[in-house]
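Breakdown of the fold
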Amino acid sequence: MDQRIVMVDSGTGLKLTEEQLDERSAVAAVRLRHKGVRAGDTVLICLPVGPDLLVATHAVIAADGVAWPLPVDLDQATLRDRIQESAARVMISNVQRALDAAEESRVRIVMSVAELSGASPSCPTGR
Amino acid sequence: MPETPRHNLPAEPNRFVGRERDLDDLHDLVGDTRVVTLCGVGGIGKTRLALRVAARLVPAYPDGVWLVELARFGRAELVEQEIARVLGVREEAGRPLLGTVTARLREQRCLLLLDNCEHLVHRCAEVVAALVAGCPSLRVLATSREPLRIASELIWRVPPLDLPDEGAADAESVQLFMDRATAAGTRLDGASLADVVRLCRALDGLPLAIELAAARTSLLSPGQIADRIDDRFSLLTTGGRTAPARQRTLLGAVEWSYDLLAAKEQVLLRRLSVFAGDFDLLLAEQVCAERPIAANEIVELLGGLVDKSLVLCDEGRRRYRLLETIKRYALERLRQAGEREVLRERHLHVLCALQERHFATEVVEPGVPWPRRFEALIASRELIDDQRVALEWAAESGDVLLGLRLCQTSTGLLPLGGNLREIVGWIERLLSLDTTGVPAEQIAHAMAYLAYGLEAKDELSRSLETARRSLAEMAPDDDFPRCVMHNLVVVVLLRMGRAEEAAHHAEEGLTVATRSGDRWNQAASLAGLSAVALVRGRLREAQRHGEEALARAGEHGHRWLMARTAVQLGAVAEARGDLAAARTRYETAVPWLSELGSDLELSRCLARTGRVAAMLHEFGSARERLAAGTDIARATGQRQAVARCLVGLSVLAECEGDLEGAVLAAAAAAGLRESIGQHSATTRFEELLGRARTKLGDGRTTSLWSRGRAMCPDVAARRVLAGERLPPKAAKAPVTAEPVRHSVLTAREQEIAGLLTRGLSNRGIAGELVISPATVARHIANIMEKLGYTSRAQIAVWAAERSSGSG
Ligand SMILES: Nc1ncnc2c1ncn2[C@@H]1O[C@H](COP(=O)(O)OP(=O)(O)O)[C@@H](O)[C@H]1O
Ligand SMILES: [Mg+2]
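Criteria and cut-off values
Along each chain, residue indices are assigned from 1 in the same order as the chain's sequence is written. Chains and ligands are labelled by the order in which they are written, letters from A for the one and numbers from 1 for the other. Only residues with pLDDT of at least 70 are given local features in this predicted model, and only at 80 or more are side-chain atom pairs given and counted; all residues enter the totals for whole chains, interfaces and linings. To obtain the side-chain values, all non-hydrogen atoms of the structure were included, while hydrogens and water were left out. Helix and strand definitions here come from DSSP, where helices need a minimum of 4 consecutive H or I residues and strands a minimum of 2 consecutive E residues; each element is numbered from the N-terminal end. Pairs of residues are marked as contacts when any of their non-hydrogen atoms sit within 4.5 Å. Two residue types count as positive, namely Lys and Arg, and two as negative, namely Asp and Glu; His and chain ends fall outside the count. Note on charges: their place is set at NZ of Lys, CZ of Arg, CG of Asp or CD of Glu. Only protein chains enter the calculation, and the probe is 1.4 Å; a residue is then buried if its accessible area is under 20% of its type maximum, exposed if over 50%, and partly exposed in between. Two strands form a pair only when DSSP identifies at least two bridges running between them. By convention, a crossover is right-handed whenever its connection, traced from the first strand over the helix to the second and viewed with the strands pointing away, goes clockwise. Two parts placed together each lose some accessible area under a 1.4 Å probe, and the buried area is that loss summed for both. Here, a salt bridge means any Lys or Arg side-chain nitrogen found within 4 Å of an Asp or Glu carboxyl oxygen. Polar contacts, as counted here, are pairs of nitrogen or oxygen atoms within 3.5 Å of one another; within protein the pair requires one atom able to donate a hydrogen and one able to accept it, and residues that are adjacent in sequence qualify only if both atoms are side-chain atoms. Under this grouping Gly is polar, as are all residues other than the nonpolar Ala, Val, Leu, Ile, Met, Phe, Trp, Tyr, Cys and Pro and the charged Asp, Glu, Lys and Arg. Only buried residues count toward a nonpolar core, which is a set of Ala, Val, Leu, Ile, Met, Phe, Trp, Tyr and Cys residues joined through side-chain atoms within 4.5 Å. Geometry is summarised by axes, namely lines fitted to C-alpha atoms with helices restricted to the contacting stretch, and by angles between N-to-C directions that run from 0 to 180 degrees. Values of pLDDT, the confidence the predictor places in each residue, fall between 0 and 100. Being near a molecule or strand, for a residue, means having at least one of its heavy atoms within 4 Å of it. In this description, accessible areas are obtained by the Shrake-Rupley approach with a 1.4 Å probe, and a residue is regarded as covered only by the protein chains that are shown. In this document the domain limits rely on a domain assignment from an automatic tool or a database. Here a Phe, Tyr or Trp ring, Trp counted by its six-membered ring, pairs with any other such ring whose centre lies within 6.5 Å, and the pair is stacked when the planes are under 30 degrees apart, edge-to-face when over 60, and tilted otherwise. A ring is considered to have a charge above it if a Lys NZ or an Arg CZ atom is located within 6 Å of its centre and within 35 degrees of its normal. Any angle between 65 and 115 degrees counts as roughly perpendicular, while under 35 counts as roughly parallel, over 145 as roughly antiparallel, and the rest as oblique. Here a crossing is taken to be left-handed if its near helix is turned anticlockwise relative to the far helix by less than a right angle, and right-handed if that turn runs clockwise.

An unreviewed UniProt entry lists chain B under the name Putative ATPase, with Nonomuraea fuscirosea given as the organism.

Under an unreviewed UniProt entry, the name given to chain A is AMP-binding enzyme, and the organism recorded is Nonomuraea fuscirosea.

What follows covers the overall build of chain B. In terms of regular secondary structure, chain B is built from 38 helices and 7 strands. Once the C-alpha set of chain B is aligned to its principal axes, its extents read approximately 90 × 90 × 45 Å. Taking as baseline every contact in chain B between residues at least 6 positions apart, the subset at least 24 positions apart corresponds to 69%. Looking at chain B, you have 104 positive and 107 negative side-chain charges, and the mean spots of the two groups are 4 Å apart.

Residues and elements named next belong to chain B. With 6 of 6 residues buried, strand S4 (residues 139-144) lies mostly within the body of the structure. Side chains Arg 139, Leu 141 and Thr 143 of S4 all project onto a buried face; the interleaved residues Val 140, Ala 142 and Ser 144 project onto the opposite face, where all are buried too. With 5 bridges connecting them, strand S1 (residues 35-39) and S4 associate as parallel partners. Bridged to Val 35 within S4 is Val 140. Bridge analysis of strand S3 (residues 111-115) against S4 gives 4 bridges, and the strand direction is parallel. Bridging across to S4, Leu 111 finds its partner in Arg 139. The parallel pair S3 and S4, bridged by helix H5 (residues 121-134), forms a crossover whose chirality is right-handed.

Further remarks concern the interface of chain B and chain A. Between chain B and chain A, the residue contacts involve 44 residues of the former and 36 residues of the latter. Broken down residue by residue, the surface that chain B buries against chain A is led by B:Arg21, B:Asp32 and B:Arg157, which jointly contribute 22%. Across the contact surface, chain B and chain A share 11 salt bridges. Here A:Arg106 makes a salt bridge to B:Asp162, at a shortest N to O gap of 2.9 Å. Between the two partners, chain B and chain A, sit 22 residue pairs in polar contact (both at pLDDT 80 or more). For the side of chain B that touches chain A, the secondary structure elements donating two or more residues are helix H1 (20-32), strand S5 (153-157), helix H10 (245-259), helix H36 (762-769), helix H37 (773-787) and helix H38 (792-806) of chain B. Along the lines of polarity and charge, the residues of the side of chain B that touches chain A split into 19 nonpolar, 10 polar and 15 charged.

Residue and element names in this part refer to chain A. Pairing of strand S3 (residues 42-46) with strand S4 (residues 66-69), which is carried by 4 bridges, proceeds in the parallel orientation. Its bridge partner lying in S4, Leu 44 is registered against Trp 68. A crossover links S3 with its parallel partner S4, the connecting element being helix H2 (residues 51-62), and its sense is right-handed.

Turning to the nonpolar core, a few remarks are in order. One finds A:Leu32, B:Leu269 and B:Leu272 to be the most contacted residues of the largest nonpolar core, which totals 189 residues. With near-sequence residues (within four places) excluded, B:Leu272 lies in contact with B:Phe279, B:Ala284, B:Cys288, B:Leu302, B:Leu305, B:Val311 and B:Leu322.

It is worth spelling out the sheet that holds S1(B) at this point. Residues and elements named next belong to chain B. Pairing within the open sheet is parallel, and its 5 strands lie in the order S2-S3-S4-S1-S5. Of all the strands in the sheet, the pair left with one neighbour each is strand S2 (65-69) and S5. Taken over all neighbouring pairs, the strand axes of this sheet differ in orientation by 20 degrees on average, direction set aside. Across the face of the sheet, helix H3 (residues 78-87) comes into contact with S2 and S3 while running at roughly 140 degrees to S2.

On to the confidence of the model for chain A. Residue and element names in this part refer to chain A. Residues at a pLDDT of 70 or more form 91% of chain A, whose mean pLDDT is 86. Averaged pLDDT values over the elements of chain A bottom out at 87 in strand S1 (residues 5-8) and peak at 96 in strand S5 (residues 90-93). Segment residues 120-127 is flagged for pLDDT under 50; beyond a separation of four residues in sequence, or across chains, it makes 19 contacts in the model.

Residue and element names in this part refer to chain B. Ligand 1 sits among 17 residues. The nearest are Val 17, Gly 43, Lys 46, Thr 47 and Glu 211. A distance of 2.7 Å separates an oxygen atom of ligand 1 from a polar atom in the backbone of Gly 43. Within the side chain of Thr 47, one N or O atom sits 2.7 Å away from an oxygen atom of ligand 1. Isolated, ligand 1 exposes 550 Å² of accessible area, and the fraction of that covered by the protein chains is 92%. Sorting the residues of the shell around ligand 1 by element identifies helix H2 (46-57), helix H6 (172-183) and helix H8 (207-214) as the ones contributing at least two each. Viewed by domain, the shell around ligand 1 spans two of them, domain 1 (20-157) and domain 2 (172-259), each represented by three or more residues.

With that settled, the discussion passes to the confidence of the model for chain B. Residues of chain B with pLDDT of at least 70 account for 94%, and the chain-wide mean is 88. Across the whole predicted complex the pTM is 0.87, and at the interface the ipTM reaches 0.91.

Turning our attention to the domain arrangement of chain B. One can read the domain layout of chain B as domain 1 (20-157), domain 2 (172-259), domain 3 (263-338), domain 4 (343-475), domain 5 (598-729) and domain 6 (742-806). Placing the centre of domain 5 of chain B and that of domain 6 of chain B at their C-alpha centroids yields a distance of 56 Å.

Here the focus is the packing of aromatic side chains. One pair of aromatic rings is described through two measures. These are the centre distance and the angle between the planes. Residue and element names in this part refer to chain B. The final tally for this structure, using the stated rule, is 7 aromatic pairs over all chains. With 5.4 Å between their ring centres and 75 degrees between their planes, Tyr 258 and Tyr 329 make a pair best called edge-to-face. Taken together, the residues Tyr 258 in helix H10 and Tyr 329 in helix H14 (residues 324-336) connect sequence positions 71 residues apart. Judged by relative accessible area, Tyr 258 falls into the buried class, the value being 2%. Consider the rings of Trp 520 and Trp 560, whose centres lie 5.9 Å apart with planes at 10 degrees: the pair is stacked. A residue pair is termed long-range when its members are at least 10 positions apart, and Trp 520 in helix H24 (residues 519-535) and Trp 560 in helix H26 (residues 559-575) qualify at 40 residues. Feature note: the residues Phe 275, Phe 279 and Tyr 320 constitute an aromatic cluster, connected by ring pairs. The cationic tip of Arg 75 hangs over the ring face of Trp 426; the distance from NZ or CZ to the ring centre is 4.9 Å.

A separate point is the packing of helix H28 (residues 599-615) of chain B against helix H29 (residues 619-635) of chain B. Residues and elements named next belong to chain B. At a minimum axis distance of 8 Å, the contact between H28 and H29 shows a crossing angle of 155 degrees. The angle between H28 and H29 falls in the class roughly antiparallel. Along this stretch, H28 crosses H29, giving a crossing that reads as left-handed. Between H28, through Asp 599, Leu 602, Ser 603, Leu 606, Ala 607, Thr 609, Gly 610, Arg 611, Ala 613 and Ala 614, and H29, the contact on the second element is made entirely by Phe 619, Ser 621, Ala 622, Arg 625, Leu 626, Ala 628, Gly 629, Ile 632 and Ala 633. Taken together, the residues that form the contact of H28 with H29 break down as 11 nonpolar, 5 polar and 3 charged.

All right, on to the pattern of salt bridges then. Residues and elements named next belong to chain B. For the structure shown, the criterion picks out 80 salt bridges over all chains. With its nearest N and O atoms 3.5 Å apart, the salt bridge here joins Arg 468 to Glu 501. With a gap of 33 residues between them, Arg 468 in helix H21 (residues 460-473) and Glu 501 in helix H23 (residues 499-516) connect regions that are remote in the sequence. Looking at Arg 468, the relative accessible area reads 35%, which means it is partly exposed. We classify Glu 501 as partly exposed; its relative accessible area is 31%. Put simply, Glu 548 and Arg 552 hold a salt bridge, and the shortest N to O gap is 3.5 Å.

Residue and element names in this part refer to chain B. Following Arg 291, the chain continues to Pro 292 via a peptide bond in cis, the omega torsion being 5 degrees. Its place among the elements puts Pro 292 in the loop between helix H12 (281-288) and helix H13 (298-307). Look at Arg 317: it is not a glycine, yet its phi comes out positive at around 50 degrees. Relative to the elements of secondary structure, Arg 317 occurs in the loop between strand S6 (312-313) and strand S7 (320-321).

A word on the environment of B:Asp479. Residue and element names in this part refer to chain B. Locating Asp 479 in the fold gives a position in helix H22 (residues 479-495). When the C-alpha positions of Asp 479 and Val 512 are compared, they lie 6.8 Å apart, and in sequence the two are 33 residues distant. When near neighbours in sequence (up to four residues on either side) are disregarded, Asp 479 contacts Val 512, Arg 515 and Ser 516.

The next subject is the side chain of B:Asp115. All names here are of chain B. Counting through the fold element by element, Asp 115 comes out in strand S3. Comment: no salt bridge for buried Asp 115; closest opposite-charge side chain is Arg 321, at 7.2 Å. Polar side-chain contacts of Asp 115 include one of 2.9 Å to the side chain of Thr 47. If sequence neighbours within four positions are ignored, Asp 115 has contacts with Thr 47, Leu 67, Val 68, Glu 69, Leu 70, Ala 71 and Thr 143.

Next comes the structure, spelled out in C-alpha cells:
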C-alpha cells in the first residue's frame, strides 16, 4: 500500500500517508453515516488546518455529504451566522468557540475528531 | 389472558407537527447507541419528540418501551425508585434497589425513556451509567436541558420547529400555529398569513411559545399578537440579558400570556405550582381556594387556563397538569407573591386530611363495603406523589407533627402497599428533627409505623424494640394503632421463634379490638393466634382461630386481610394433611391479591397453590400456577420469591416422577437463597436428597445437586415448567456475525473490493478504473456500511478470503 506522504502537520511535523488518509477517512465516513448523514446533507467542519481537517473533509465527501468548512479564527458572531446559514444537522469540531456558536442553531449532533476516528460511544452489540 | 401492553406511553393529546427527518434519524440512532439524550431549552419540544420516537420503536423492543417521568421528583433517590415503580420491580430486603432493577433488566431488550432529567442530572447520569453497564441490550432515551455527560451518551440537540422562509409558508412552525388556532376555535384566512409568519419568526419557532400565542387568537389577531410580542421582547428583563436567546424568547412568551390573564386566573395558576404532578379538581379546590378565590370558582378558572394552553388536561377533564416550563414560571411567581410558604402549608394540611380520611375508609371504619374501601385505596394511591411533596415540606419546614401524622395515614407508603423502605426513611428523618412540642403519644404512634417498616426490611430486633417502645408510650385509648402494634409484635416474635410471647400479644390485641369493635385487628389477632397454635402443633385450635379470623376479615371486607387469613387457613389444612382443603383456601386468595395488585403476596400464594396442586397430582394447574408465580417473582425482581417458586417446582417435578428435575430445582433454590444470605428449608431438601440417593445413587445425586446450585434460576425453572431435559452445556456462543453475501455488493463495489486486495490506495484504484478518488471513497464507504465493517482494511481481508475460497 501507498506510503506516499500526502500532508505534513505544520505544528507537530507529523506526517500523514496516503494509506492513513484513505483508511481514516473511510472509517470516519462510516461514522458519519451512522450518525445520520445522508446524501446531500451539509456537514460543518471547524478544525484547524491539518490532517484532521483533511480527513474530515474527505470523510464528508465519501459519505456523500457536502463539506462546509468554517475557519477557526472567525469571530463568534460570524461563526454563528455561517452556522445558521448552513442549516447543517451535523458539525465536526473540537473548537470551543465553534461549539458555543452552534449552541442555538439547528445543528443536532456535534462530533469530535475522536468520535470520527472510531473511539465512539456507540455500542459494540448494536450491530 | 389479555396481552399486557409492552409500553406505557400516553396517547398524543393533539396533532404532532413535522420533524420527519429527525424522527427517522433518531429511530436509527437509538438502535445504534446506548444512550441518546435530547437536549434543549424547556418548551422546545424534547418530550414530544422523545415520545414520538419511543412510540415508533415499540415493535423493536420485545421487553417494552417504558416512560419514566422525573419532573415531579425533587430528590435524587427517587430516580431509581420511579424506574422501579414503572417496571413493576419491588425492593428486596438487603439489596439496593438499583441492584434489583439492574438484575431484572440484565437480559432484557427494552428502551427506557427518562423524561426531564435536568434537575436530577447527576443521579440520572449515575443510574443510567450503571444500568447501561449491567444490561447489554438496554437502550436509554433521555430528555434534559443538560446532557448527562456519561461515556456512552450521544447528545442530540433539539432545534425549534422550522421557520417560514420567504416563499414557503407551510413551515412546521406555521403549521403548528394554524393547528392550535383552529383548535381554539379561530378561523384564520389567507390575509393573516403574513402576520402568522412574522409571529412565528418572533417566537423563534419554539413550540410552546407558538401554542401560547395561538391560544389567544380568539381575542387577538395574529398581527396584534405579533406587535405585542415584539414590544415585549424589546422590554424583556426577566431571566436576565445573559440567558440564551431561546430561553428569553420562551420566557417572554410565557410572561406575555400570564400578564394577559385575569387577576384570579393568575393567582390560581401560580398556586397550581405546588402540586407534585397531575391533580384533580377536588385537590385544586381544597388547596387553592383562599382569598381572593372561592372554591366554587375554581372549575371555571381552570377551564380558562386550559383554553389559554397554560394548563393541560385529559379528555374527560379528570386530571389536570402543568408543563414543566409553565410550572417553574408559576412557582417563581408564587414566590414573588410571597405565597409559597402559605400554599405549601396548606398543601400539607390538605394532604393530611385527605389521606387520613382515605385511610379511615380503607381500613379503620367499621361497616364500609369493600368497593368503597377499594375506592379509598385507589384515591390514596393517586395522592402518593403529592404526599411525598408534602412530607418533604414538613421535613423542610420542621413541622414534625404534621409530617408524622401524614406518615401514618397511607397504605401506599407501607409494606402493605409493597413499599418497604420508604416509610422507614421518612419517619427516621422526621424524628431526627427537633421534636419539642410534639406529644410523646404522637411520636409513639409514628414509631408503630416505623416498626412495621423495619419488620418488612427483616430488621427484626430493631422492629421489636421500636414496637415495644411504641406500645409503652402510646395513648391508652389509641386503640387502633395499639392493636396494630400487638399484631405486628406477634408476627415479629413468631419469626424469631418466640411463640409464647407472641400468644400473649395476640390475646391482648384481640381483647382490645373486640372491645372497640375493630374487625381489622380482630381478624389480624385471630390470625396471629392461629399461627401461634400452628407452631405449637395444636391444629384444631389453629383451625378454629383461623376460621374466626377469616369470618372477621370477611366482615371487614379488605381483600388483603381476607387473603392473609385464607392463606393462614391453607397452612393449617396442609399441616393436618388435608391437601384438597389447603388448595381451596390458597386458591380463594389469588383473585383477592390480584385485585389489590399485591404482587409479592400474590407470587407467594401462587407458589403455595401450585405446590399443593402438584401434590394432589393436578399437574396442569400446578404448572400454570407455578409459572404465573415465577413470572411475577422475576418481573418484580424478587430473588426470594423466585427461590420459593423453585421449591414448588421441585415438588412438582418429583410428583411427576422426574427426580432429577426435582433435585436440580431444589439445588437452584438453595443456591439462590445462599446468594442472598438466606437459610434454606433444609429438612425438605434433606428428605428429597435421601430419596434421590436411593433411586439415582450417590454420585449422580451429588453431581445433580452441584450442577443445580450453579444453574441460572430461570433455566432451572424452565426445565421443570417445560418438562425440558437437561440443556446441553451452554457453549459460550459468540455473537455470530450475520452471513454476508457477496451479492449485496454491486458489480462496481465488488470490483473495488477486489482491487483493495492488491493494496491499492484510493488514488490507485481511481487510476485503474478511470474514476475520481472521491468516487472511490464513496464506494468504499458504501461497502463498509453494507458489510458492517469499521475499517477499510477489513474489506481487503474479506475480499481476499472470498476469492481464495471460491477460486
Ligand atoms: N412537533 C410538535 N408538534 C406538535 N406539538 C409540539 C411539538 N413539539 C412540541 N409541541 C408542543 O409544545 C409544547 C412543549 O413541548 P414539550 O415537548 O413539552 O417541550 P420540552 O419537553 O422541551 O419542554 C407541548 O405542549 C407540546 O405538545
Ligand atoms: Mg419536557
